[in-house]
Number of protein chains: 2
Amino acid sequence: MQDSNSIGIVEPQIVRFDTPMHLKNGTVLDSYELVYETYGELNTARSNAVLVCHALSGNHHLAGFYPDNPKSGGWWNNMIGAGKSIDTQKFFVIGVNNLGGCHGSTGPASINAKTGKCYGPDFPVVTVEDWVQTQVRLADHLGIDQFAAVAGGSLGGMQALQWTLDFPDRVRHALVIAAAAKLTAQNIAFNDVARQAIITDQDFYGGDYYSHGVVPRRGLRLARMLGHITYLSDDAMAAKFGRELRNGSLAFGFDVEFEIESYLRYQGDKFADQFDANTYLLMTKALDYFDPAYQHNNDLSAAFRAAKANFLVLSFTTDWRFSPERSRAIVRALLDNELNVSYAEITSSHGHDSFLMEDRHYHRLVRAYMDSIVV
Amino acid sequence: MQDSNSIGIVEPQIVRFDTPMHLKNGTVLDSYELVYETYGELNTARSNAVLVCHALSGNHHLAGFYPDNPKSGGWWNNMIGAGKSIDTQKFFVIGVNNLGGCHGSTGPASINAKTGKCYGPDFPVVTVEDWVQTQVRLADHLGIDQFAAVAGGSLGGMQALQWTLDFPDRVRHALVIAAAAKLTAQNIAFNDVARQAIITDQDFYGGDYYSHGVVPRRGLRLARMLGHITYLSDDAMAAKFGRELRNGSLAFGFDVEFEIESYLRYQGDKFADQFDANTYLLMTKALDYFDPAYQHNNDLSAAFRAAKANFLVLSFTTDWRFSPERSRAIVRALLDNELNVSYAEITSSHGHDSFLMEDRHYHRLVRAYMDSIVV
């Protein structure tokens, strides 16, 4: 539903990069394309650009709608728009689909010019560091020397952190929402079960399912169902679904019985029709690998010595995937380096998914922070 | 490894029941067999019998070893034995494999006399109430009018609760460990993802995989991997595995990289070779269905009006599958009925699996409680 502050109709753009890029996995990517969308206007000083990085299942389409499709609102439409917390009347906002994605940027489902076939399993495992490198190239392409802000939630927040480490002069503010400085064993465990569900699906074909005209749908569906459980809070699931039965009585069978089963299966089915399985593997791998403290002997404070940006770090009380303690660890490391950091733990019942939701307290904090940014 | 207090060599027994049994799903099971093991001696007064009920992946083999197999220790070997917390020098302890199981009792893998083929998907969905009915028949078979105690952890604890509700005169003490009065939406969600992993495995064949000479191994493996994550505590996983790499460096691929991945895949593989997929479906269904308060308008206190037993209720701090709050809800309902209840929340890092572990505080509490039982 379009609101008066909505971006309105938008259209993505594609840029091609033909300069070879050295990836963290040791290989070179000769050329690639990135699809991106922009909202608002870049000012003359080119000082009002805000890069928004997406998370596991997100993409470049942050806000607004596509023609004739009222259900095509961007994933952060509630945050970005004219007069919204990330105000497109002030900022030039950019969303980009990361390398390896399945929404238009070069990824496993793209044709590899060298072979004439889909990259499939040959697509390199990419990291958050690689993504930031590609985002820098996009910034150069758009003539942006320095972002007023780089923002993101979850894996998007990790990219914002990486920007402050790798390109400290090119980002003035970092909004790091529902993120973490590294994944725990439990986080990795959930990701690996999701990956194994996809990889052991008989229709996976080692990642080359495109050649067989099939999709490892069962595995992708399971991965999404499992992901959803980790994105929701225990309390919210209890409040929204509880032990409610779909059909009013027990059926003593294995079809949908409880409402929560219906919901999860619906989410899984919808996702399996829309998302690429290889991309899912790559995105979870990037999550698992992100660990800026690692090369500093696991000292996160040491890792942030290079940073200069100002930070807004936000966590949500019921997020058990990336709990508030994960954000506090980031904040401590930033404070150890005497960086400017604003931090809040927002009371929310929506678990990890909170960063995508409308929440008065949350949106006011972001608005206030963005309002304080000088462009 | 055999310890001096071990039961030593044991052997299971089978009893056949030919009296038709009316199940909660509305069908009748004409006949079935139960495999069970006993430890210790039944006294003359038949007043020292203790029934131990197994959980999702457990069975009748509680303690002791099978001949020539030093790795065949029962799942509660650390709890049951001569001089152990459940002392077989005092008690006659019985373990039974529940109906629907895959360790010798009639279940989906058993031959249905009517068809000459495995029951497979035709095996009825059984409930905790059904199991207690079969356990009563076993008690009758053994000439036991009243159990000194019925004990169990997790799903086993639910059976102990059910005993006190359905046969209040036939159980003097109930040990209810790491249990819950009903599953939450999140609990059901995890079970349903596990079931869907099995059911959507191409080798499941609607449950009739026996006819095809295959096993839905991939799905069963995923189910176990997922289950394991829920049985372990976040902290214990972090302490035991952290972000340790199996091979010392990142490989930028999808084979095992992190130690936690290696561990989970190993557990999954091991389980998939040993457990029946249909049984897994049935066990998780029984977990989902258990809800004694339901027919009392969700009033657990009202549900326990019928109970007369004495209770020991135990929970573990890091159990996030059945958290201590679940046990406290049970305790409150028992206290509302002025029943004798001893309760302790035991500090443990082992999560839901704690009920299977050796823990000094835990085992002392059980020992003290069992010692206080008059036989």
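Residues numbered from 1 in each chain as written. Chains lettered and ligands numbered in written order. Predicted model: local features only at pLDDT ≥ 70, side-chain atom pairs only at ≥ 80, totals over all residues. Heavy atoms only, no water.

- Under an unreviewed UniProt entry, the name given to chain A is Homoserine O-succinyltransferase, and the organism recorded is Nitrosospira briensis.
- Under Subcellular location (unreviewed entry), UniProt gives the following word-for-word description of chain A: "Cytoplasm".
- On record in UniProt, under Catalytic activity (unreviewed entry), the comment for chain A is "L-homoserine + succinyl-CoA = O-succinyl-L-homoserine + CoA". (UniProt positions renumbered as here; feature names shortened; annotations may be inferred.)

Thoughts on the overall build of chain A
Here is step 1 of the chain: Each helix and strand counted, chain A has 10 helices and 14 strands in total.
Here is step 2 of the chain: In terms of C-alpha radius of gyration, chain A reaches 20 Å, essentially the compact-globule figure of 21 Å for 375 residues.
Here is step 3 of the chain: Considered along the principal axes of its C-alpha atoms, chain A spans approximately 65 × 50 × 50 Å.
Here is step 4 of the chain: Every one of the 375 residues in chain A was classed for burial, and the buried ones make up 61%.
Here is step 5 of the chain: In chain A, the proportion of contacts linking residues at least 24 apart, taken out of those at least 6 apart, comes to 71%. (Helix = DSSP H or I, 4+ residues; strand = E, 2+ residues; numbered from the N terminus. Rg over C-alpha atoms; globule rule 2.2 N^0.38 Å. Buried < 20%, exposed > 50% of the residue type's maximum accessible area, 1.4 Å probe, protein only. Contact = heavy atoms within 4.5 Å.)

Quick look at the nonpolar core
Here is step 1 of the chain: Counting residues in hydrophobic clusters, the biggest one holds 253 residues, and the most contacted among them are F311 of chain A together with F311 of chain B.
Here is step 2 of the chain: Each residue touching F311 of chain A, except ones within four places of it in the same chain, is listed here: L161, T164, A174, V176, F304, L334, L339, N340, V341, S342 and Y369 of chain A. (Core = buried A, V, L, I, M, F, W, Y, C linked by side-chain atoms within 4.5 Å.)

Focus on the pairing of strand β8 (residues 92–96) of chain A
All names here are of chain A.
Here is step 1 of the chain: The buried count for β8 comes to 5 of 5 residues, which makes it a mostly enclosed element.
Here is step 2 of the chain: With 4 bridges joining them, strand β4 (residues 32–39) and β8 adopt antiparallel strand pairing. Paired with Y36 across the bridge in β8 is V96. (Pairing = 2+ DSSP bridges.)

Quick notes on the UniProt feature "binding site: substrate" (unreviewed entry) in chain A
Residues and elements named next belong to chain A.
Here is step 1 of the chain: The UniProt record marks R224 and D353 with the feature "binding site: substrate" (unreviewed entry), using the residue numbering of this structure. On the basis of their most widely separated C-alpha atoms, the annotated residues across 130 residues gather in one place, lying no more than 13.5 Å apart.
Here is step 2 of the chain: Among the structural elements, R224 can be located in helix α4 (residues 217–231).
Here is step 3 of the chain: Residues contacting R224, with those up to four places away along its chain left out, are S57, Y231, Q267, G268, F271 and Y280.

Side note on the UniProt feature "domain: AB hydrolase-1" (unreviewed entry) in chain A
Here is step 1 of the chain: The sites that UniProt annotates as "domain: AB hydrolase-1" (unreviewed entry) are residues 48–344 of chain A.
Here is step 2 of the chain: Between the C-alpha atoms that bound residues 48–344 of chain A there is a distance of 24 Å. The span itself is 36% helix and 14% strand.

Considerations on the relation of the copies chain A and chain B
Here is step 1 of the chain: Least-squares fitting of chain A to chain B yields an RMSD of 0.0 Å, with the transformation described by 0.0 Å of translation along the axis and a rotation of 180 degrees. With respect to symmetry, the two chain copies, as superposed, fit the operation of a two-fold axis.
Here is step 2 of the chain: Most of the interface of chain A is mirrored in chain B: 100% of its interface residues are interface residues there too. (Least-squares fit on C-alpha atoms with pLDDT ≥ 70 in both.)

So, the sheet that holds strand β12 (residues 171–177) of chain A
Residues and elements named next belong to chain A.
Here is step 1 of the chain: A sheet is described by the order of its strands in space; here 8 strands give the open sequence β1-β4-β8-β5-β11-β12-β13-β14, paired in mixed fashion. Only two strands of the sheet have a single partner each, and these edge strands are β1 (13–17) and β14 (341–346). The mean inter-strand angle of the sheet, taken between neighbouring strand axes irrespective of direction, is 20 degrees.
Here is step 2 of the chain: Two strands pair when backbone bridges link them, and strand β13 (residues 310–316) and β14 are joined in this way by 6 bridges, in the parallel orientation. The residue of β14 that forms the bridge with L312 is S342.
Here is step 3 of the chain: Packed onto the sheet, helix α1 (residues 128–141) meets β1, β4, β5 (49–53), β8 and β11 (147–153) and runs at close to 60 degrees relative to β4.
Here is step 4 of the chain: Across the sheet, helix α10 (residues 360–371) touches β5, β11, β12, β13 and β14, and the angle it forms with β13 is around 180 degrees. (Axes fitted to C-alpha atoms, helices over the stretch in contact; angles between N-to-C directions.)

What about the pattern of salt bridges?
Here is step 1 of the chain: Inspection of the entire model under this criterion finds 42 salt bridges over all chains.
Here is step 2 of the chain: Connected through shared salt-bridge partners, D192, R195 and D288 of chain A together with E261 and R265 of chain B make up one network. (Salt bridge = Lys/Arg side-chain N within 4 Å of Asp/Glu carboxyl O.)

What about the sheet that holds strand β8 (residues 92–96) of chain B?
Residue and element names in this part refer to chain B.
Here is step 1 of the chain: Strand order in the open sheet formed by 8 strands is β1-β4-β8-β5-β11-β12-β13-β14, with mixed pairing between adjacent strands. Strands with a single pairing partner mark the edges of an open sheet, and in this sheet they are β1 (13–17) and β14 (341–346). The average angle at which neighbouring strand axes cross in this sheet is 20 degrees, direction not considered.
Here is step 2 of the chain: Seen against the sheet, helix α1 (residues 128–141) touches β1, β4 (32–39), β5 (49–53), β8 and β11 (147–153) and runs at an angle of roughly 60 degrees to β4.

Observations concerning empty space enclosed by the protein
Here is step 1 of the chain: What the rule picks out here adds up to 5 cavities of 30 Å³ or more.
Here is step 2 of the chain: Along the wall of the largest cavity there are 14 residues; nearest its centre are T200 and D201 of chain A together with T200, D201 and R218 of chain B.
Here is step 3 of the chain: Mapped onto the lining of the largest cavity, the elements with two or more residues apiece are α4 of chain A together with α4 (217–231) of chain B.
Here is step 4 of the chain: Of the residues assigned to the lining of the largest cavity, the class counts are 4 nonpolar, 6 polar and 4 charged. (1 Å grid on protein atoms, 1.4 Å probe; cavity = no way out; pocket = protein on both sides within 12 Å on 5 of 7 lines; lining within 4 Å. Points joined across faces, edges and corners; volume = space filled by probe spheres on them. Nonpolar A, V, L, I, M, F, W, Y, C, P; charged D, E, K, R; others polar.)

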